[in-house]
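Examining the three-dimensional arrangement
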Amino acid sequence: MDTLLKQAAFACKGEGRFLWLKSFQDVRIQSVFKKENELFERNFSFDKSGSFVHQDEPPKAVPLAKGLETTVTLSGIVDAVANKKPIELNDIAEALLSHFILDLLTEDAPEIYVIEEGTNSKVVVNDKLRDCVIGSSMETERKVKGISFKLTGQKLKKGAIRSKIGGVYWSAGKRIVEIVKLSEQVQELSEQLSDPDTGEVFSYVAAVSSSFLDDCVDSSRTKIMFPKDSEITQDSWIPSEKDIKEAVAAMVREQLSDSLKEIRSRGKQKLVDYVENVGPEFREYLNADPDLYISPSASEKEVRDFLTVNFAEFEVKQNHKVDELLKIDWDASIDPKKEIEELQKTISPVNLHSLSKFASKRKFYVDLLDKVCRYKDSIGKEHYYEEALHSLIYPKGKDSTDQNIQHNLWLIDESLAFHHYLASDKEFKVMKCVKSESGEAPDIMSMRLYGNNDADHVAEFVFVEFKRPGRKNYGSQQDPIKQILDYVKELRKSTVNSRDGIQLNSEHCPIYYYLICDVDESLKDCLENEHDFDPNALHDHFYGFKAKLKVFIEVLTLTALRREAKERNRALLAAAGLRS
């Protein structure tokens, strides 16, 4: 049924002619061909009877003036096809245009007519092509492992034809076979193409041709059967599909250079705008990877997801690179300064990304602290402000053994995060590290152990006490320092154990106490005259030491708390290269 006579010239076996019979009952061929400087005409038909092919008479000689031509007449459309959506001449012409695009782009292309029998309506396929092309066709050639591959490309007027003829295709025997998937190599092809100078929108169709593809096409000429990776060795002369696609991508970029650059520029600007306005943590990553590209029409969510996924891959690669750099022995031939600079350059985008996210997150809590500390006199609800401040720093009624605790201890002191046990608004008698019968509940108590095998089992305790923002008029019965000292006395006389049950020497453990509140004249007088505390230059910190109980007390005003939290975060933002 099939034949190898056409394989060398057309990379096929002549099977396509039999597909006509799937849609038509009768196919008639009238062909004028050349043989030894003479023209001959032959007529034959295909149908589903007998031997399929029926030739009425042997070829006969015709005058040279008749010229070369082939007429295909398709008759008796089958019911299964006829009952579907009607097919017009233009549909057939555009299908032929797509299939024979390589032939039609050549200067000596044959004229192809589609004629409707009975009405004699006619469409010239070549005219349709001439009506929609922009400029002349482009040809670019590259070699992959010594084998030539040619890309023939053509710009077409957008919307000039109804069917979507566009994209890059593998071809064999000058016929389109299948589309080349270049979504990774030339992402810009998915966008609307236009001339940067004139603004004219166009579509692009191209075909890749090569003797290699002719040899690799399947018998039905619908798929290129590339060699499997397992068949290709490193020193093999056989090019892989990946290698060929990279060469094709380079040729496409060459043919569409200006248009693709303009699209890539808009895509890059999309990323820049997002980084500047929404995701500053990606700034150094964007600088480190200039080839990043996203569709100019991408949504903010798509940009965020794109940067997040790609940065994660980038981070893994950079960390591996750093590991390799650290393995290098710094002998006499190595310049340590250059090695350190290379390490810093490699890890910088990763570190600054993490630092940027960290600083941006902290800024939110600095702003929230600002809001909590704006006292509003609301009768009967004053305690809400103290509870809000407390919960912002550490959730009330929780301790460090609870799961998924979100805290902001850094707003007071960075070192508070490094504790072995912390209780927030817990009575002494229920604290897991304290044996006591007291129902007193300090706002926050943290314990930090020092040394693994220390004979004295040394620990340090830090307490935090909050007073409602805006509270005034501290009388002798409301002395907050006396309240603090009562908590310290309770701890000193209690048995304190580490998490693994080892008893600690609580009588000699250092204790640091923060009192966080607004300081009015009554409290200032109490601190300076009753307890002999010393202020700082701004009078928003007061310091005192109670030698008998070995406790150092720092009174921190809410104004100072807010200012210092902002200053610390501003330093982080500056280190990350961000505006505060």
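Note that the structure is a prediction, hence the values are computed from the model and not measured.

Broken down by element type, the protein chain carries 16 helices and 24 strands. In the protein chain, 61% of the contacts between residues at least 6 apart in sequence involve partners at least 24 apart. Counting only carbon and sulfur atoms, one obtains 48% of the accessible surface of the protein chain, whose full area is about 33100 Å².

What follows concerns the pattern of salt bridges. Counting across every chain of the model gives 24 salt bridges. Between Lys128 and Glu94 there is a salt bridge, with its nearest N and O atoms 3.7 Å apart. Pair noted here: Lys128 is in helix H6 (residues 125-132) and Glu94 is in helix H4 (residues 89-99), with a separation of 34 residues, a long-range link. Each member of the pair, Lys128 together with Glu94, is buried. The salt bridge involving Glu564 is made with Arg563; its shortest N-O contact spans 3.4 Å. Residue class for Arg563 comes out partly exposed when judged on its relative accessible area of 26%. Here the salt bridges do not stand alone but share partners, grouping Asp540, Arg563, Glu564 and Glu567 into one network.

Note: strands within a sheet are paired through backbone hydrogen bonds, in either parallel or antiparallel orientation. Here we have eight strands laid out as an open sheet, ordered E14-E15-E17-E18-E21-E24-E23-E22, and mixed in their pairing. Two strands in the sheet have a free side with no partner beyond their single neighbour: strand E14 (398-399) and strand E22 (534-535). Pairing of strand E23 (residues 541-546) with strand E24 (residues 551-557), which is carried by six bridges, proceeds in the antiparallel orientation. Bridging across to E24, Phe545 finds its partner in Phe552. Contacts from helix H14 (residues 480-493) reach strand E17 (444-449), strand E18 (459-466), strand E21 (511-517), E23 and E24 within the one sheet, and its direction differs from that of E21 by about 150°. Contacting E21, E22, E23 and E24, helix H15 (residues 521-530) runs over the sheet at an angle of about 35° to E23.

Most of E24 is tucked away, with six of its seven residues classed as buried. Pairing analysis gives seven bridges linking E21 to E24, with the strands arranged parallel. For Tyr514, the partnering residue across the bridge sits in E24 and is Glu554. Here E23 hands over to E24 after four residues, with Lys550 in that stretch at a positive phi of 55°.

With that out of the way, let us pick up the packing of aromatic side chains. Counted by the stated rule, this structure contains 13 aromatic pairs. Ring geometry for Tyr285 against Phe314: centres 4.9 Å apart, planes inclined by 45°, an arrangement best described as tilted. Residue Tyr285 is found in helix H10 (residues 283-288), and its partner Phe314 is found in helix H11 (residues 300-327); the two are separated by 29 residues along the sequence. Take Tyr285 and Phe314: they sit in the same class, and that class is buried.

Side-chain direction in a regular strand flips from residue to residue, so the side chains alternate between the two faces of the sheet. Side chains of strand E15 (residues 421-424) alternate between two faces, with Tyr421 and Ala423 and Leu422 and Ser424 buried alike. Two strands pair when backbone bridges link them, and E14 and E15 are joined in this way by two bridges, in the antiparallel orientation. Residue pairing for E15: Asp399 is matched across the bridge by Ala423.

This part covers the nonpolar core. A general feature of soluble globular proteins is that nonpolar side chains tend to end up buried together. Membership of the largest hydrophobic core comes to 35 residues, with the highest contact counts inside it found for Val168, Tyr204 and Val248. Put simply, the parts of the chain that give this core at least two residues each are strand E8 (133-144), strand E9 (147-157), strand E10 (167-172), strand E13 (201-209), helix H7 (211-216), helix H8 (241-255) and helix H9 (257-277). Look past the residues within four positions of Val248 in its chain and what remains in contact with it is Leu151, Val168, Trp170, Leu182 and Val208. Counting residues in hydrophobic clusters, the runner-up holds 33 residues, among them Met431, Tyr487, Leu504 and Cys509.

The next thing to look at is the side chain of Thr140. If you trace the backbone, Thr140 turns up in strand E8. Owing to a relative accessible area of 9%, Thr140 belongs among the buried residues under this scheme. At 3.0 Å, the side chain of Thr140 forms a polar contact with the side chain of Gln255. The contacts of Thr140, once residues within four sequence positions are left out, are Phe149, Lys150, Leu151, Met251, Glu254 and Gln255.

Taken N-terminus to C-terminus, the directions of H8 and H9 make an angle of 95°; their axes are 5 Å apart at the nearest point. One finds that H8 runs roughly perpendicular with respect to H9. Listed contacts from H9 to Val252, Arg253, Glu254 and Gln255 of H8 are Ser257, Leu260 and Arg264.

Peptide bonds are mostly trans, and most non-glycine residues show a negative phi. Even without glycine at this site, Asp425 takes up a positive phi of about 55°. Within the secondary structure layout, Asp425 lies in the loop between E15 and strand E16 (434-435). Classification of Asp425 as partly exposed rests on a relative accessible area of 30%. A positive phi angle is found at Asn473, which is not glycine, with a value near 55°. Here Asn473 lies in the loop between E18 and H14. A residue is classified by how much of its surface remains accessible, and Asn473, at 64% relative accessible area, is exposed.

Definitions and cut-offs
Residues numbered from 1 in each chain as written. Predicted model: local features only at pLDDT ≥ 70, side-chain atom pairs only at ≥ 80, totals over all residues. Heavy atoms only, no water. Helix = DSSP H or I, 4+ residues; strand = E, 2+ residues; numbered from the N terminus. Contact = heavy atoms within 4.5 Å. Areas by Shrake-Rupley, 256 points an atom, 1.4 Å probe, with all protein chains shown as cover. Salt bridge = Lys/Arg side-chain N within 4 Å of Asp/Glu carboxyl O. Buried < 20%, exposed > 50% of the residue type's maximum accessible area, 1.4 Å probe, protein only. Pairing = 2+ DSSP bridges. Axes fitted to C-alpha atoms, helices over the stretch in contact; angles between N-to-C directions. Phe/Tyr/Trp six-rings, centres within 6.5 Å; stacked < 30°, edge-to-face > 60°. Core = buried A, V, L, I, M, F, W, Y, C linked by side-chain atoms within 4.5 Å. Polar contact = N/O pair within 3.5 Å; in protein donor to acceptor, adjacent residues only side chain to side chain. Parallel < 35°, antiparallel > 145°, perpendicular 65-115°, else oblique.

Geometric values such as these leave the question of function open.
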